[in-house]
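Single-letter residue listing:
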Amino acid sequence: MKILLIVLLTSQITSISALEKAIYGSDDRVSYSEVSPQYRKLGDATAGMIQLSKLNDKGRYYEFSSKILGELMMGNQFRNGYVCSDEKFYAEELLPVCSGFLVGPDTLLTAGHCVTGPKSCKKNIWSFGLGLSKIRSGRISKKDAYKCERVIKRGMSPRDFALIKLDRVVSGVTPFRISSRRERVGDKVFAIGHPSNLPLKFAMNGSVKSRKKDLFKTDLDTFAGNSGSPVILKSTHEVIGILVKGALDYEKDLSRGCFITNKCSMYSQGADCLGESVTPTYRLLSH
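Reference entry: report on the structure contained in this document. (Residues numbered from 1 in each chain as written. Predicted model: local features only at pLDDT ≥ 70, side-chain atom pairs only at ≥ 80, totals over all residues. Heavy atoms only, no water.)

**Side note on the sheet that holds strand 11 (residues 139-141)**
Pairing between the strands of a sheet is mediated by backbone hydrogen bonds and can be parallel or antiparallel.
Thinking step 1. With antiparallel pairing, the three strands of this open sheet are ordered in space as 4-5-11. Every other strand in the sheet has two partners, leaving strand 4 (56-57) and strand 11 as the edge strands with one partner each. (Pairing = 2+ DSSP bridges. Helix = DSSP H or I, 4+ residues; strand = E, 2+ residues; numbered from the N terminus.)

The structure is reproduced here in structure tokens:
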């Protein structure tokens, strides 16, 4: 993922976004509406984490208003600005601050820095398959909103992850399968989640570039907001990892005075292109 510093967002979003990501080669992100039914089924098992403070309780549903990507101030106090108007997804609305994925009827995996403890657990809801049309509607039915009942298990170092129990079984959704084998350098992978807090996106073309005991790196096109995304083997559609951090997200185009995605011609090209870090799921829940 990349470093996306959005000055006008809340402190929680800013702290989450400090662990972020980049584009390697061409931008391979596609929307929920652009993928096949087989992939949409995986998207339906992928969740976005939404702050309750951003929602208005209307009884049977939550209502919210959203800015588009192009309306958010990025950068820091010394170098800031807006996303350039020709950037991908410029006009799409934003909402989820982290990603996660269903691994049991009522259990969900995400990054440990997304759900930091009991208080964090209670301050957010999770909703699945949040494509553009759902976020653009400005409301979420409470039947599609799941609360975090408790944190079952969590780690930050050396493995960044959180397993949480939701308040009820997620109906009509098939949980992801966790691969029984370790990741291997060269494995072809993809990821699903909410880059830059956008509606659901699929980062389709990545591979495992290097690995250590408690971390591996990929060249997936992921961003802040992808924290907690499932990293999935293309060959089996089984999960092998949880996306947790990465390279620089956006950089300022000084000639135009606006921000563009950090584009790396290849993995490990420079200091801002060192890959997207992933917590392996191999035996993660058995210890």
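**So, the environment of N56**
Thinking step 1. As for its position among the elements, N56 is in strand 4.
Thinking step 2. When its relative accessible area of 43% is taken as the criterion, N56 is described as partly exposed.
Thinking step 3. Taking the C-alpha atoms as reference points, N56 and R139, separated by 83 residues in sequence, lie 9.1 Å from one another. (Buried < 20%, exposed > 50% of the residue type's maximum accessible area, 1.4 Å probe, protein only.)

**Regarding the state of the cysteines**
Thinking step 1. The final tally for this structure, using the stated rule, is four disulfides.
Thinking step 2. Paired by a disulfide, C84 and C258 hold their sulfur atoms 1.9 Å apart. Residues C84 and C258 are joined by a disulfide whose S-S torsion is about 95°; by sign, that bridge is right-handed. Taken as a pair, C84 in the loop between strand 7 (80-81) and strand 8 (98-104) and C258 in strand 20 (residues 258-261) lie far apart in primary sequence, 174 residues in all. The same class applies to C84 and to C258, which are both buried.
Thinking step 3. One disulfide bridge connects C264 with C273, the sulfur atoms lying 2.0 Å from each other. Handedness of the C264-C273 disulfide follows from its S-S torsion of about -85°: it is left-handed. (Disulfide = S-S within 2.5 Å.)

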